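# Secondary and tertiary structure notes
Residue strings, one per chain:
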Amino acid sequence: MNKAKVALIQLLGSQANKNANLERAQVLIKQALLQQPDTKLVVLPECFNSPYDVLKFQEYSEVITPRNESVTTKFLSGIAQRYRITLIGGTIPEYDPQDGKLYNTCIVYDERGQLIGKHRKMHLFDINIPNGIEFQESKTLSFGNAITTVENSSSDCKILNKFGIGICYDMRFPELAMINSRRGAKLMVYPSAFNTVTGPLHWDILAKSRAIDNQIYIILCSPARDKSNPKNYQAYGHSIVVDPNGKVVSEAGEDEEIVFAELDVDLIEVVRQSIPITRQRRFDVYPDVSDLHGQK
Ligand SMILES: NC(=O)CC(=O)C(=O)O
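Because the structure is predicted, anything quoted here is derived from the model rather than measured. (Residues numbered from 1 in each chain as written. Predicted model: local features only at pLDDT ≥ 70, side-chain atom pairs only at ≥ 80, totals over all residues. Heavy atoms only, no water.)

### Description of empty space enclosed by the protein
One way to see where empty space is left: roll a probe the size of a water molecule over the atoms. Selection rule: Put plainly, a pocket is an open set of points on a 1 Å grid over the protein atoms alone with protein on both sides within 12 Å along at least five of seven lines, a cavity is a set where a 1.4 Å probe fits but cannot get out, and a lining residue has an atom within 4 Å of a point. Grid points are joined across faces, edges and corners, and a volume is the space filled by probe spheres set on the points. Any residue that is not Ala, Val, Leu, Ile, Met, Phe, Trp, Tyr, Cys, Pro, Asp, Glu, Lys or Arg is counted as polar, Gly included; the first ten are nonpolar and the last four charged.
Tallied over the entire structure, the rule returns 1 cavity of 30 Å³ or more. Of the volumes computed, that of the largest cavity is approximately 50 Å³. Around the largest cavity, the lining residues are Tyr52, Phe125, Cys168, Tyr169, Arg172, Ala193, Phe194, Asn195, Thr198 and Tyr233. For the lining of the largest cavity, the residue count by class is 7 nonpolar, 2 polar and 1 charged.

### What to know about the site of the ligand
Formally: Think of it this way: one heavy atom of a residue within 4 Å of a molecule or strand is enough to make that residue near it. Pairing of N or O atoms within 3.5 Å defines a polar contact, subject to two protein rules: one partner must be a possible hydrogen donor and the other a possible acceptor, and residues neighboring in sequence count only if both atoms are side-chain atoms. Note on areas: Shrake-Rupley with a 1.4 Å probe; residue coverage comes only from the protein chains shown. Pocket or cavity membership: a molecule qualifies when more than half of its atoms sit within 2 Å of the grid points of that site.
Surveying the vicinity of the ligand reveals the residues Tyr52, Lys121, Phe125, Cys168, Tyr169, Arg172, Ala193, Phe194, Asn195, Thr198 and Tyr233. In the model, an oxygen atom of the ligand is placed 2.7 Å from a nitrogen or oxygen of the Lys121 side chain. Within the backbone of Tyr169, one N or O atom sits 3.3 Å away from an oxygen atom of the ligand. Bound to the protein, the ligand loses 100% of the 270 Å² it would expose on its own. Judged by the fraction of its atoms near the pocket grid, the ligand is located in the largest cavity.

### Digging into the packing of helix α1 (residues 18–35) against helix α3 (residues 71–83)
When two helices pack together, their arrangement is given by the angle between the helix axes and the distance between those axes. Our working definition: Lines fitted to the C-alpha atoms define the axes, with helices restricted to the stretch that makes contact. Angles between their N-to-C directions range from 0 to 180 degrees. What counts as a helix is a DSSP run of H or I of at least four residues, what counts as a strand is a run of E of at least two, and both are numbered from the N terminus. Geometric relationships in this document are graded by angle, where less than 35 degrees denotes roughly parallel, more than 145 denotes roughly antiparallel, 65 to 115 denotes roughly perpendicular, and other angles denote oblique. In a left-handed crossing the near helix is turned counterclockwise from the far helix by less than a right angle, and in a right-handed crossing that turn is clockwise. Only heavy atoms enter the contact rule, under which two residues are in contact if any of them lie within 4.5 Å.
Where α1 meets α3, the axes come as close as 11 Å, and the angle between the chain directions of the two elements is 10°. Classified by the interaxial angle, the pair formed by α1 and α3 is roughly parallel. Two packed elements cross with a definite hand, and for α1 against α3 that hand is right-handed. On α3, the residues that touch Lys18, Asn19, Leu22, Ala25, Gln26, Ile29, Lys30 and Leu33 of α1 are Val71, Thr72, Phe75, Ile79, Arg82 and Tyr83. Tallied by class, the residues present in the contact of α1 with α3 amount to 8 nonpolar, 3 polar and 3 charged.

### Observations concerning the pairing of strand β12 (residues 217–221)
It is a general feature of regular strands that their side chains alternate between the two faces of the sheet. We apply this condition: We call a residue buried when its accessible area falls under 20% of the maximum for its residue type, exposed when it is over 50%, and partly exposed in between, using a 1.4 Å probe and counting protein chains only. A strand pair is defined by DSSP finding two or more bridges across the two strands. For the handedness criterion, the strands are oriented away from the viewer, and a crossover whose path from the first strand over the helix to the second runs clockwise is classed as right-handed.
When you tally the buried positions in β12, you get 5 out of 5 residues, the bulk of the element. Residues of β12 alternate between two faces, with Tyr217, Ile219 and Cys221 on one and Ile218 and Leu220 on the opposite face, all of them buried. With 5 bridges joining them, strand β11 (residues 187–191) and β12 adopt parallel strand pairing. Bridged to Tyr190 within β12 is Leu220. Taken together, β11, helix α5 (residues 198–214) and β12 form a β-α-β motif whose crossover is right-handed. Of the pairings in the sheet, the one linking β12 to strand β13 (residues 240–242) comprises 3 bridges and is antiparallel in character. Directly across from Ile218, in β13, lies its bridge partner Val242.

### Regarding the pattern of salt bridges
Two side chains that carry opposite charge are able to pair once their charged atoms sit near each other. Convention followed: What counts as a salt bridge is simple: a side-chain nitrogen of Lys or Arg found within 4 Å of a carboxyl oxygen of Asp or Glu.
This model, assessed by the stated rule, comprises 20 salt bridges. Residue Glu256 pairs with Arg24 through a salt bridge whose shortest N-O separation is 2.5 Å. Of this pair, Glu256 sits in the loop between β14 (248–251) and β15 (257–264) while Arg24 sits in helix α1, and the two are 232 residues apart along the sequence. Two residues, Arg120 and Asp96, come together in a salt bridge whose shortest N-O distance is 3.0 Å. Residue Arg120 is located in strand β6 (residues 115–120), and its partner Asp96 is located in strand β4 (residues 92–96); the two are separated by 24 residues in the primary sequence. One network of salt bridges, in which partners are shared, links Glu94, Asp96, Lys118 and Arg120.

### What to know about the packing of aromatic side chains
What counts here: Only Phe, Tyr and Trp rings are paired, with Trp represented by its six-membered ring, and only when their centres lie within 6.5 Å; those with planes under 30 degrees apart are stacked, over 60 edge-to-face, the remainder tilted. To sit over a ring, a charge needs its Lys NZ or Arg CZ within 6 Å of the ring centre and within 35 degrees of the ring normal.
As enumerated under the stated definition, the model contains 10 aromatic pairs in all. Geometrically, the ring pair formed by Phe283 and Tyr286 is edge-to-face, given 5.9 Å between the ring centres and 85° between the ring planes. Ring pairing ties together the aromatic residues Tyr52, Phe57, Phe125, Phe135, Tyr169, Phe173 and Tyr233, which thus form one cluster. Here the guanidinium or amino end of Arg120 rests over the ring plane of Tyr103, the centre of that ring lying 3.8 Å away.

### Section: the sheet that holds β14
One open sheet holds the 6 strands; their spatial order is β9-β10-β11-β12-β13-β14, and the pairing between them is mixed. This sheet does not close on itself; its edge strands, each paired only once, are β9 (148–151) and β14. This sheet shows a mean twist of 20° between the axes of neighbouring strands, independent of strand direction. This element, helix α4 (residues 174–182), spans β9, β10 (162–165) and β11 of the sheet and lies at about 145° to β11. Running at roughly 30° to β13, α5 makes contact with β11, β12, β13 and β14 of the sheet.

### Some details on the side chain of Lys121
Here Lys121 lies in the loop between β6 and β7 (126–129). Looking at Lys121, its side chain comes within polar contact range of the side chain of Tyr52, at 3.5 Å. Those residues in contact with Lys121, other than ones at most four positions away along the chain, are Glu46, Tyr52, Asn104, Glu137, Ser142, Phe143, Gly144, Ile167, Cys168, Tyr169 and Asp170.

### Concerning the state of the cysteines
Chemically, a disulfide is nothing more than a covalent bond linking the sulfur atoms of two cysteines. Defined as follows: Put simply, a disulfide is two cysteine sulfurs that come within 2.5 Å.
Summed over the entire model, instances satisfying the criterion amount to 0 disulfides. A disulfide-free cysteine, Cys106 has its sulfur positioned 10 Å from the sulfur of Cys221, the nearest such atom. Looking at Cys106, the relative accessible area reads 1%, which means it is buried. Classification of Cys221 as buried rests on a relative accessible area of 0%.

Here it is as structure tokens:
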């Protein structure tokens, strides 16, 4: 199939009760599939099962194994299998017993509920904007060290056969999307949680930039804004799907909402034929970053 319907779950998760976060995610996923039964890809936001708080990550962390034994991994695998969807499970705090470190990790399931991808946030959100926001993920989290291109051959949608994953702050580093697209990914998905300071400044511009740079689809999925708890991290919302021309296909507001969109793999070729930057690069003058990285 050349087209794929997707649903972005802009969940008011990230609350103190992990089970309640999972239950709410399930309610909204069911609602998405009722409204659009032929949905092939569902995306959840960053830190959907725990507060977005560096001091809470340890408490909410889970060990991720291919057998999906932890609460959230079992939950995500079960949903993907039951509804026969590719599921990008937002992110969860991960504890790795081998190195004793914590990571902010996205896990991806195929339609059979098999774990097919795991991306650890590579660029941690350590910023300080005077009179704006200070956040230091690296106080408790460690850096992921791998670029993640997910192979998903069991999907009958071409655009879902290969896609790249980044997490939130990762989108500010164009290399990640560039390397993924040169590996053949036609879609980058970033479970994210920008905030009310950086969201209005950069959110949609970054989505459009990554799309135009690489002539691919970009998906950003955010939590909803938590207006009833103003002391909590205030996510920007505005989950968005941008097409390979940099055009917004669909975008949420700031409250809990499901964003629906259709991705068309043929549009990528049309855009690349019309504005042929993929063939006009000057690798005789500057190096190809995907080559340099040695992971083509
Ligand atoms: N929360 C993040 O990782 C990133 C973010 O909010 C920003 O880059 O701005």
